[in-house]
Amino acid sequence: MCGILVAVNLQEKEVQTFHKALNEQTHRGPDMCRTEIVDNILLGFNRLSILDLSELSMQPVKYLELTLVMNGEIYNYKELRSNLSALGHTFKSNGDAEVLAAAIDQWGFEQALKKVAGMFAVVAYNHNTSQLFIARDRLGIKPLYYLLNPGHQLILGSEVPSLVPFIQSHHKYDIQSIVHFILNGTMQLNCHTFYSDIKRVPPGTFAIISPGSFEQISFSSYWQLPNIVNTRKSFPCYKSVKRTFDDLMQQHLCCDVKTGLALSGGLDSTIQAVYMADKAKSTYYSLDHRVAELESQFIDQTVSEYKLQHRYVQASDYNNIQSIKRIISRAGQPFRASQTLYQYAIRSEAAKDGVKVMLTGDGADEVFAGYSYTVPHLLASYINQQNHELALEVALDMEAFCNQSASEMLEKANKILKSSSNTVCQDINVEHSYSGFLNIKPIIETSHLNHSTNGLVGVNEFLTHRLTIDPIPYWLSMEDIISMTNSIETRVPYLDHRLIESVFEYPETHFIAGGFTKSIMRKALAE
């Protein structure tokens, strides 16, 4: 939706740096730019107009004693607006940011966060109490970074490069995070970045900062990923998942601009395309046949059957050093897979067509247990419960889908159980291992570096790892960069917390069944 930049206790000589940094993230919001000074706080906003295109929805929003900037969307803002209106609140705009401000005024910051559904990074200031409110959405779909400097100075922003000019420390780079990325392709643990003093606000958390307490920020959780239960007494009715999905898809399509969908030909995006076909005039984008050769036949079939406005994107047009440099310069870090370039190509072409909102099927495999390598983790759970007959039955059922023998899958399951009970931590001398290209001296424990899923017993542990540690946090951060670099807002319906809570009500036995992964999705959505 936009870019935000907020500074607390900024020195006069740094104001020009602030405006320059705000201007350099104009790609996040090319439609309008505005700043507001309240007490000792400078709030900046780059607007990408999505809802209520009038100036009335421009930020920073002032609502009673609150001044607020928000990056993202509140999907249930219409429902909240209706409830707040009944309580006596009035609104000047038809946008969602003002509704969020009113919700905070009515219910307080934490309770308002629990009531909203969406993707957001928000910074709000109460000029009566002089308190600063900071929060990020439950899954961390929208980014928010912060930098603490001496003199009670705090800088918050949507992108790492916007904060770099304000670094005062002589120890600029976080070597441990750099090594972590080299070894694992991510450095999401502990919410670090490549810069020592720039941190990520953790997903699903908030902070309320009182005057004079800017030496450190303490974050509190307002939501946690639910646990998948092992048993359920009542027979599951998948209609609840279907209703939840339909409702949130309708909300994700709510906007006043042109929409698009990244159509891969897989089950996830095809379900979305079928839903959108008669409900939104959208353009559908797929990678060219050479990249998506195995799925192109399914793409063509869906496009033909539902008469979709569709185009293939030539990924090779973006497989160059210019595209790589552009992504890295905005991310403030390297990226680990060519898939990033492919998705960047789709967003770039969609932007040329005037698309401002792009839906994707990201996260469906993590929510519904779609990958074949989830199976051994489920088998490990059955074996751990001494339910060997069920483990064998499922392994035999999954042979065709996984293209592996039952014995191979059961062997992997036993290895997972062994790793779970025999985790060994040892030290790595990073200086010795990487002395050829890094002048570093720290010794880092393997437990901090290893992102292996070995030892994760059961669907719950495996999916929780993928949703909260790797790869979803990394892919969400890169998705934000490749989309917003092209002034496009990406929406990820499968990572809506309401759908996750609906799906995770079912026991793990329902996630992989009948010879297929994504069993709940197939029964609830693929009708």
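Note that this is a predicted model, so its numbers are computed, not measured. (Residues numbered from 1 in each chain as written. Predicted model: local features only at pLDDT ≥ 70, side-chain atom pairs only at ≥ 80, totals over all residues. Heavy atoms only, no water.)

**Considerations on the pattern of salt bridges**
For the structure on display, the rule yields 22 salt bridges. For arginine 28, the salt bridge is made with glutamate 159, and the minimal N-O distance between the two is 3.0 Å. In this pair, arginine 28 sits in the loop between helix H1 (15-23) and strand E2 (32-38) while glutamate 159 sits in the loop between strand E9 (153-157) and helix H5 (160-163), placing the two residues 131 residues apart along the sequence. On the basis of relative accessible area, glutamate 159 is assigned to the buried category, the value being 0%. Notably, a salt bridge pairs arginine 28 with aspartate 480, separated by 2.9 Å at the nearest N-O pair. Of the two residues, arginine 28 sits in the loop between H1 and E2 while aspartate 480 sits in helix H20 (residues 472-484), which places them 452 residues apart along the sequence. By relative accessible area, which is 0% here, arginine 28 ends up buried. Accessibility expressed as a relative area gives 5% for aspartate 480, which makes it buried. In this structure, a network of salt bridges that share partners links the residues Arg28, Lys142, Glu159, Arg330 and Asp480. (Salt bridge = Lys/Arg side-chain N within 4 Å of Asp/Glu carboxyl O. Helix = DSSP H or I, 4+ residues; strand = E, 2+ residues; numbered from the N terminus. Buried < 20%, exposed > 50% of the residue type's maximum accessible area, 1.4 Å probe, protein only.)

**Notes on the packing of aromatic side chains**
Under the definition given, this model contains 16 aromatic pairs. Between phenylalanine 181 and phenylalanine 194 the ring centres are 5.7 Å apart and the planes differ by 85°, which places this aromatic pair in the edge-to-face class. Here phenylalanine 194 lies in the loop between helix H6 (175-184) and strand E10 (198-200) and phenylalanine 181 lies in helix H6, a separation of 13 residues in the sequence. With respect to burial, phenylalanine 181 and phenylalanine 194 carry one shared label: buried. With centroids separated by 5.2 Å and ring planes inclined at 40°, the aromatic side chains of tyrosine 238 and tyrosine 506 adopt a geometry described as tilted. Placement of tyrosine 238 in the loop between strand E12 (220-221) and helix H7 (239-252) and of tyrosine 506 in the loop between helix H21 (497-503) and helix H22 (519-524) is noted, with a sequence separation of 268 residues between them. By the ring-pair criterion, three or more aromatic residues cluster together here, those being Phe245, Tyr275, Phe368 and Tyr494. For lysine 279, the ring lying beneath its charged end belongs to tyrosine 275, and the centroid distance is 4.4 Å. A cation sits over an aromatic face here: arginine 336 above tyrosine 474, 4.3 Å from the ring centre. (Phe/Tyr/Trp six-rings, centres within 6.5 Å; stacked < 30°, edge-to-face > 60°. Lys NZ or Arg CZ within 6 Å of the ring centre and 35° of its normal.)

**Points about the pairing of E2**
Examined bridge by bridge, E2 and strand E3 (residues 41-47) share seven bridges and lie antiparallel to one another. Within E3, the residue paired with methionine 32 across the bridge is arginine 47. Where E2 hands over to E3, the hairpin turn is made up of two residues, of which aspartate 39 adopts a positive phi near 55°. (Pairing = 2+ DSSP bridges.)

**Quick word on the confidence of the model for the chain**
On average, the chain scores 89 in pLDDT, and the residues at 70 or more come to 90%. Here residues 423-450 is a poorly scored stretch, pLDDT under 50, and it has 37 contacts once near neighbours within four places are set aside; other chains count. (pLDDT = per-residue confidence, 0-100. Contact = heavy atoms within 4.5 Å.)

**Let's talk about the sheet that holds strand E19 (residues 489-491)**
Judged by pairing direction, the sheet is parallel, and its five strands sit side by side in the order E15-E14-E13-E16-E19 without closing on themselves. Across the chains shown, the open sheet's two edge strands, defined by having one partner strand only, are strand E15 (309-313) and E19. Here the average twist between neighbouring strands, direction ignored, is 30°. Here strand E13 (residues 259-262) pairs with strand E16 (residues 357-359) via three bridges, running parallel. Each bridged residue has a counterpart across the sheet, and for threonine 259 the counterpart in E16 is valine 357. Of the strands in this sheet, E13, strand E14 (282-287) and E16 are in contact with helix H8 (residues 267-276), which crosses E13 at around 150°. (Axes fitted to C-alpha atoms, helices over the stretch in contact; angles between N-to-C directions.)

**Things to note about the nonpolar core**
Soluble, globular proteins show a tendency: their nonpolar side chains are buried together. By size, the foremost hydrophobic cluster in this structure holds 128 residues, and its most contacted members are Leu132, Leu154, Phe368, Phe504 and Phe511. Filtering out sequence-adjacent residues up to four positions away, leucine 132 remains in contact with Val8, Ile41, Val123, Ala124, Tyr125, Leu154, Leu156, Ala207, Ile208, Ile209 and Phe214. (Core = buried A, V, L, I, M, F, W, Y, C linked by side-chain atoms within 4.5 Å.)

**Concerning the layout of surface pockets**
Here the largest pocket defines a volume of roughly 970 Å³. If you go around the largest pocket, you meet 35 residues; those closest to its centre are Ser264, Gln339, Gln343, Asp362 and Asp365. Contributions of two or more residues to the lining of the largest pocket are made by H8, E14, helix H11 (338-352), helix H12 (364-368) and H20. With six residues, H20 is the largest single contributor of residues to the lining of the largest pocket. Within the lining of the largest pocket, the residues separate by chemical class into 16 nonpolar, ten polar and nine charged. (1 Å grid on protein atoms, 1.4 Å probe; cavity = no way out; pocket = protein on both sides within 12 Å on 5 of 7 lines; lining within 4 Å. Points joined across faces, edges and corners; volume = space filled by probe spheres on them. Nonpolar A, V, L, I, M, F, W, Y, C, P; charged D, E, K, R; others polar.)

**Let's talk about unusual backbone geometry**
If a residue is not glycine, its phi is most likely negative; likewise, a peptide bond is most likely trans. A cis amide bond, omega 0°, links glutamine 59 with the succeeding residue proline 60. Of note, proline 60 is situated in the loop between E3 and strand E4 (61-63). Of the consecutive residues aspartate 470 and proline 471, the connecting peptide bond is found in the cis state with omega at 15°. As for its placement among the helices and strands, proline 471 is situated in the loop between helix H19 (458-468) and H20. A positive phi angle, near 65°, is found at glutamine 386, a position not held by glycine. As for its position among the elements, glutamine 386 is in the loop between helix H13 (375-384) and helix H14 (388-397).

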